[in-house]
Structures are given as structure tokens and as C-alpha cells.
Amino acid sequence: MFERNKNKQTAVPAAPQRSQQDTPPASKASQASHSPATNRSTAMIGPSIEIKGTVTGDEDLVIQGKVEGSVELGAHEVTVGESGKVNADITARTVRIDGEVAGDIRGNEKVVISKSGNVRGNIVAPRMTLEDGAIFKGSIDMDPGEAPAKVSLAPKTSGSPSDAAPELDLKSG
Amino acid sequence: MNERQSSQLLPDLFESVAEDQCITVLHLGPVLPETMEYFSSFRCKLHVNDLFAELPLSFKPGDELTVQERMSSLVSFPEDTRFDVCLFWDLLNYLDQDGVVALMQCLRPHLATTAMAHAFTVHNIRSPQRDCRFGIVSDSEIVLRPRHHKVPEYAPHSQGKLKEWLDGFDVKRSVLLAQSRLEILLELRV
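Residues numbered from 1 in each chain as written. Chains lettered and ligands numbered in written order. Predicted model: local features only at pLDDT ≥ 70, side-chain atom pairs only at ≥ 80, totals over all residues.

1. So, the nonpolar core
Right, on to step 1. Among the nonpolar cores identified, the biggest contains 86 residues, and A:Ile90, B:Val25, B:Val85, B:Cys86, B:Phe88 and B:Leu186 are the most heavily contacted of them.
Right, on to step 2. Ranked by residue count, the leading element in this core is strand 5 (residues 111-122) of chain B, at seven residues.
Right, on to step 3. Look past the residues within four positions of A:Ile90 in its chain and what remains in contact with it is A:Val71, A:Val78, A:Val95, A:Val101, A:Gly103 and A:Ile105. (Core = buried A, V, L, I, M, F, W, Y, C linked by C-beta atoms within 7 Å. Buried ≥ 20, exposed ≤ 12 C-beta atoms within 10 Å, placed from the backbone. Helix = DSSP H or I, 4+ residues; strand = E, 2+ residues; numbered from the N terminus. Contact = placed C-beta atoms within 7 Å.)

What follows is the structure, encoded as C-alpha cells:
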């Protein structure tokens, strides 16, 4: 068996912490339910909002509405809420999917598909979590272009279970 | 309820993986969290295509598309994709001959020269239907999770017939498990 890639996780710079004084409270939506208790601000696209085009910014984003185009928040967290429908490519530090996404996802740190999530597309992320019940069709690239790390066959022990496995050849079933 | 089961063939599945190789894995079923967690620890590219969601994949009178045409529309990959490992698990028990042959026709151009595959069939084709989802827990352990709904088109095949239909793969090893389940390791015929 090939060896676990212990060096795979690279240090990803943390998203800049912003105080609540930096942004007027009236311009910001509620904190994302999945965000840690930090001062980082979070914007929200509400359930009745539809956006076509490119969404960029410098804060975390929760999408409960519909987005077509692309979402590019490389240093921040994007959450597609249960009512969110995204037909777009998403790039963010962390991406969490509770709703529906048709498009490619790049999570510079991590991608999570929750049990209510439905994703059709290709994912690139060094770490991936998928909860039981999630629907996913596509590919997941767990090796997003980092420096080659050592991957090798694990040394075989003398008492390997496969050595003792009975060989069957049931040609006729 | 989850059932964990040791696997004597899983360690062999990756034996042909070279050092520094980033492997490409095809998973033709519902992916479990355990499988994702397992492969997250490796440099790899995992393709997930749950064909169980598309069952039944047999031809019925009145169908517009043949099984081959349907399979081709469901199982397609970028031209340069080459799979090192294919995880069929119990899918072959739910495809008929046309389905197995069509699947292999779709996969063959995308198999690496050292490709291996892992599957669960049955020793006795009259063994009762046990619908499970499978996942990898560790290098030698599999988790089985019962399905909530009965999967259609259960019609397991003998190993002899599968060997004939899985044109491109040879059965390298088989291990008889409890409840007449047969764990098989396939390797690409050179």
C-alpha cells in the first residue's frame, strides 16, 4: 500500500482577520452558521436573490440564493446554504456545500460536502470531507499541484494477511 | 448499522503503485465518508460515478437507447484519464451481461497498463440480496453500510461468466467471505 502523504498539508495563510469596526454593520449579513466565532465579516446572498456573473470580494460568503457564473473568494470561506443553487465554478480557501452546485470547486484548504449537499463537478482540494448522504458526481484531485511528496509502498510485514489468504478459482461459480 | 470487515485483497490492490506516483482511482458507487477520509490522506485523483443511481441499466422493449449507448453517456472521462484502481464493489451484481460488457467497453481506453480492480460478487448465485454501500476504512478494512432502499435488478453472476464478460481484466485472486460473498481482485490483462 502506498504511504500516507504526511507532507501534503501546506501552510495556508489564514484569512485576514477583520474587526467589526472595519465594516458598517448595516452592510453585512448575519454571520455564517458554520463559521467559527471570529470577527471576520460574512456577506450573504439571500434566498430570493439571483446573480449572474462573477462574484468576488474580501470576506466570507454564504449563498442561499442562485448564482450563475463564477465565485472567486480565494482567501475566504464560501458556504452554499441548503437553499443555495450555484451553477458556477467556486474558488475559495474553504468551501462548504449544503445545497446544490453544478460546477468546478477549488478549495485552497478544504472542501466539505454535507449530508444535504449535491455536487456535480470536479473538485481540487488538499483535504476533502464528505458527509454520509451527500450526493457527488465528478472527480476529486487531492494533489493540487504541490511539490512532489514522497509516496511509496508501505513495507510489507512478514505476517501479511494476504500471505495467508486462501486462493480460490471458482471458474464455474 | 455499520459492519466492518477485514479485507485480504485490499493490500494487493495498490501493490503496483510506484513510488512518487499520484494514482487515479475510479469509484463506481456511492462514496462513503470513510472512503473520502481514506483517500484524502494520499496523493490521488478520485473519480466518483454512482451508477447505482442510474439502475436499472438493462434494455427494456421500448427503450430509445441501447445499454451501450446509455452506458456511454453515463461513463465518460477526459481523454487522457487513466485509472490505476477501479472500485466496482458490488455493482456487477446489478448489471446484466450487456451492462457489464458495455461498462468494460467504456472503461478499457481509460485503464492504465497496471490497472487493478476490486469487486464483491457471490460464490452462490442464489444467495439472497444484501444491498450495502461499501467504503474503505484502512489499508485492510472495509465498512459495509446497509442501504435504506432495495436496489433493483439484483442478478449476481458466477465468476466464470464475469471472467468472460470483463474483457480486459483477469481475476487475480478471490477470497470467500461470510454470507457467500466473494471478494475478487482483478488485474488488467496484458
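Okay, back to it.
2. A few points about the pairing of strand 5 of chain B
All names here are of chain B.
Right, on to step 1. The buried fraction of strand 5 amounts to nine of the twelve residues, a majority that puts the element mostly inside the structure.
Right, on to step 2. Looking at chain direction, strand 4 (residues 83-89) and strand 5 are connected through five bridges and run parallel. In the strand pairing of strand 5, Trp89 is matched with Ala119.
Right, on to step 3. Taken together, strand 4, helix 4 (residues 97-107) and strand 5 form a β-α-β motif whose crossover is right-handed.
Right, on to step 4. Pairing geometry for strand 5 and strand 9 (residues 181-188), over seven bridges, is antiparallel. Its bridge partner being in strand 9, Thr121 is matched across the sheet by Leu182. (Pairing = 2+ DSSP bridges. Right-handed = clockwise from strand over helix to strand, strands pointing away.)

3. Let's talk about the confidence of the model for chain B
Residue and element names in this part refer to chain B.
Right, on to step 1. Confidence in the prediction for chain B averages 90 pLDDT; 98% of positions are at 70 or higher.
Right, on to step 2. Within chain B, the lowest mean pLDDT, 88, falls on helix 1 (residues 10-13), and the highest, 95, falls on strand 4.
Right, on to step 3. Of the two predicted TM-score estimates for the complex, the pTM is 0.80 and the ipTM is 0.87. (pLDDT = per-residue confidence, 0-100.)

4. What about unusual backbone geometry?
Residue and element names in this part refer to chain B.
Right, on to step 1. For the bond from Leu55 to Pro56, the omega torsion is 0 degrees, close enough to zero to count as cis.
Right, on to step 2. Position of Pro56 among the secondary structure elements: in the loop between strand 3 (44-48) and helix 3 (67-74).
Right, on to step 3. Even without being a glycine, Trp89 presents a positive backbone phi close to 45 degrees.
Right, on to step 4. Looking at the secondary structure, you find Trp89 in strand 4.
Right, on to step 5. Using a count of 25 C-beta atoms within 10 Å as the deciding quantity, one classes Trp89 as buried.
Right, on to step 6. Even without a glycine there, the phi angle at Ser180 is positive, about 65 degrees.
Right, on to step 7. Relative to the helices and strands, Ser180 is located in the loop between strand 8 (169-176) and strand 9.
Right, on to step 8. Given 16 C-beta atoms within a 10 Å radius, Ser180 is considered partly exposed.

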